[in-house]
Every structure is written in C-alpha cells, then in structure tokens.
Amino acid sequence: MTGVSVQYWPHQVLSERTIPNESKGLSIPKFCTKLSPGCEVRLLVRVALYLIPSKNAQMRLGILISILAVALIGTTRGAVTLPMRTVFKGQDRFEQLVVRAKAENWKSLPIGERTAVVGQAMVGTPYRSFTLEIDNRVESPSVNFTGLDCWTFFEAALGFARMLDEPETNWTPAQLLRYIEMDRYRHAECTGEYLSRLHYLEDWLYDNDRRGLVTDLTRSLGGVQVPHSAREMTSGWRHYRYLVHNRGLVRPLAEMEAEVSSRPLYEIPKSRVAAIESRLRSGDIIGIVSRDGRATSLRATSHVGLALRTADGTLHFMHASAPHNYGRVVIDTRLTNYLYRYGSDTGILVARPLR
C-alpha cells in the first residue's frame, strides 16, 4: 500500500510514501515532544541556568533565547517545515472545491457522505505517482491537487471533508494540512521522522481506529483472519527516494514492518462482498487485499478507494486508477465486479469515518 515504481500487482501502481530523515539536528525538539505540554521549556531553562555561571549574564541570555526558540519550534503542533509551494500544490483546484462546498452546503452532510461528495468533485484528476516525495530529508504533511494516487485521493477527500467542520474562515490550505497530519501520521503527529508516517493501510486503519477517527467494520461485516505480510518497502527500498538518501532507515523500517505484520489482518473475502454491499455507505474507505505474490498464501493491502452509492442503488468503487488503466480518478464499476476483474485480489477491508 506504500507504492513503488515496480508493480507487485498487475492492476495498479501503489501509492507512494515518503521516507523522512532521522537526524537533521533535531535532537532537542525530539526530546521536547516526549514531555508534557509546557514543561519542556521550563526544563530546558532550568538546565541552562544550572550549567551557565550566573556571573556571565550576557551568555546566559543568549543561550536561553536560543534554547527557547528551538523548544518552541520543536513543540509546534503543525509539522510543516518546508515552503508552502513545496507542500501544497493545486491552489486553484483547492479554491474551486471551497467555492463548491459553500454553494452546495457540503458542510451539512454527514462526514461519510461529505467525503464521497468531495471525492466525486475530484473525479478526472490525473493519476500521479510520487507526489509525496517532496524532499530528500524532511518529512512534512503535504497535499497535491494536481495529481493523486490511490492513497492521497481518499486522504485528501477525507481531510477536506473534515475541514468543513471548521468556520469558513478556516477553510485554508494550512488548515487542510493540519487535518492531513492528523490522518496520515502515527498519533496524529508528524515528528519529521520516517516512522511517524503510517505507511501501510492496515497500520493506518489500526491507528486511526484506535484514535476514534474511523471505525474498522471488517470483522463485523464477516471478515476472516488471513496470513499477512508487510514487507514491500524493505524489499523494494531502492524505489523510495527517502530510503535511497537515508540508508540507515532500512533497519527501523523493517522493525516497523515486523510490528505491523504481527497484528492480525482481516479481510471480507470477495465471494462475500456482494452479500454485504447493502450495509456499506458512501464515503466508506475500501481497502483492497491481494495475494503477496503468486506462490504464497500471504496477503498484503494493495489499493484503496471510496465507496459511492449512486441514485440507482449501486455501490461503486471510486478511486485513483493507475496510468495503464484509466490514469485518473474515476467512479468505477460495482465494487463486487471490480474485485473479480483481478485474480490477485482476495477481498476488502472497510473503514467508516466517524469524524
């Protein structure tokens, strides 16, 4: 579910994930973020006062100012540290969505329906790979409305839908980036480090469900446990810009993958999806589960999109389709039919947005 330039499944290019840097001289802010709110500044001041002789008042003042500045940067909730022109692309498209949201009163819709409406408004957006690989070192929340992959499509639709709960004056790129951070990163916080990113869909679902942002419906809809492996990124590390520039990240990445793989993975077998389609709603997040290679029983999450129920009652699969298929965001066929289009697909997982 993390995306590489080599296709592990015959019907899609997976969504690209960025790999940030572990260093960049961030040790003080990294330390600060582990303390309770407000205490990190006081603690750093006390340390400085203890270490610097009181007779050297000028040195004390200069170092204290530096420490306070670094501490404040380190404890800033928003994690955008790159220029806005780098982390946010498609301003015109964003403004068009805002105009439609106001004119059509999207805010009045329940969060799921609202997410689906935003997704529909993005139909036709070109598929674009590697939109999240925006820097060789720095990890930051980002949005690109000029091109979407499967992950960033559902993520942008959901983030925009959540943003509409804010007063209209807060319908801004900066506010959307905050909602993207809440969704995309472990514990809702981008620390600037690689492991703060939720790179695998099953890990995303685990973390977002735990935080009450979505609910995992897979088991209640008849999901069964399947053998599972999250290993795509370490196997294909050469295809990731951040890993190529930061080889030291491969080992912690493997440890993260091992943790994800240790949790049970449930799927609704595609043979049972037709029977539960009536229980799905527009805006439900549909994760596709596939065989992890032809000669194995292991499963891996491979694609993701949104459910969309049209006026005739049919539940469609809406997603960003790879260039060798449609090459853009589309409202595809009925979900069940989509699953039988590809022999490698074995089932789905379902997450419903709660807020």
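What this report covers is the structure whose coordinates are included nearby. In this text the structure is predicted, and so the values were computed from the model without any measurement.

### Observations concerning the side chain of Thr301
Looking at the element boundaries, Thr301 is found in strand S7 (residues 299-309). We classify Thr301 as buried; its relative accessible area is 2%.

### Comments concerning the environment of Arg100
The topology assignment puts Arg100 in helix H5 (residues 91-103). Each C-alpha atom of the pair Arg100 and Val118 lies 9.4 Å from the other, and the pair is 18 residues apart in sequence. Setting aside residues no more than four positions away along its own chain, Arg100 makes contact with Asn105, Trp106 and Ala121.

### Remarks on the packing of helix H6 (residues 111-121) against helix H7 (residues 150-163)
At a minimum axis separation of 8 Å, H6 and H7 run at an interaxial angle of 125°. Compared by their axis directions, H6 and H7 come out oblique. When you trace H6 past H7, the crossing you get is right-handed. Note on element contacts: H7 touches H6 through Phe153, Ala157, Leu158, Phe160, Ala161 and Arg162, opposite Ile111, Arg114, Thr115, Val118 and Gly119. Class assignment for the residues of the contact of H6 with H7 results in 7 nonpolar, 2 polar and 2 charged.

### Some points on the nonpolar core
By size, the foremost hydrophobic cluster in this structure holds 57 residues, and its most contacted members are Trp106, Met122, Phe145, Phe160, Leu176 and Trp204. The element that contributes the greatest number of residues to this core is H7, accounting for 10 residues. Apart from the residues lying within four places of it in its own chain, the contact partners of Trp204 are Trp151, Phe154, Leu158, Asp183, Leu198, Val214, Ile285 and Ala351. The next biggest cluster of nonpolar side chains, apart from the first, holds 17 residues, and it includes Leu280, Ala307, Leu315 and Leu339.

### Remarks on the pattern of salt bridges
All told, the structure shown has 15 salt bridges when counted by the stated rule. For Glu139, the salt bridge is made with Arg197, and the minimal N-O distance between the two is 2.4 Å. Of this pair, Glu139 sits in the loop between H6 and strand S2 (143-144) while Arg197 sits in the loop between helix H8 (173-184) and helix H9 (201-210), and the two are 58 residues apart along the sequence. The same class applies to Glu139 as to Arg197, namely buried. Across the pair Asp183 and Arg162 runs a salt bridge whose closest N-O atoms are separated by 3.3 Å. Here Asp183, found in helix H8, pairs with Arg162, found in helix H7; they are 21 residues apart in sequence, far enough to count as distant. As far as the burial class goes, Asp183 and Arg162 line up, both buried. Through salt bridges with shared partners, a single network forms among Arg186, Asp203, Glu259 and Arg263.

Quick notes on the rules
Residues numbered from 1 in each chain as written. Predicted model: local features only at pLDDT ≥ 70, side-chain atom pairs only at ≥ 80, totals over all residues. Heavy atoms only, no water. Helix = DSSP H or I, 4+ residues; strand = E, 2+ residues; numbered from the N terminus. Buried < 20%, exposed > 50% of the residue type's maximum accessible area, 1.4 Å probe, protein only. Contact = heavy atoms within 4.5 Å. Axes fitted to C-alpha atoms, helices over the stretch in contact; angles between N-to-C directions. Parallel < 35°, antiparallel > 145°, perpendicular 65-115°, else oblique. Left-handed = near helix turned anticlockwise from the far one by under 90°. Nonpolar A, V, L, I, M, F, W, Y, C, P; charged D, E, K, R; others polar. Core = buried A, V, L, I, M, F, W, Y, C linked by side-chain atoms within 4.5 Å. Salt bridge = Lys/Arg side-chain N within 4 Å of Asp/Glu carboxyl O.

Geometric descriptors of this kind do not, in isolation, establish any biological role.
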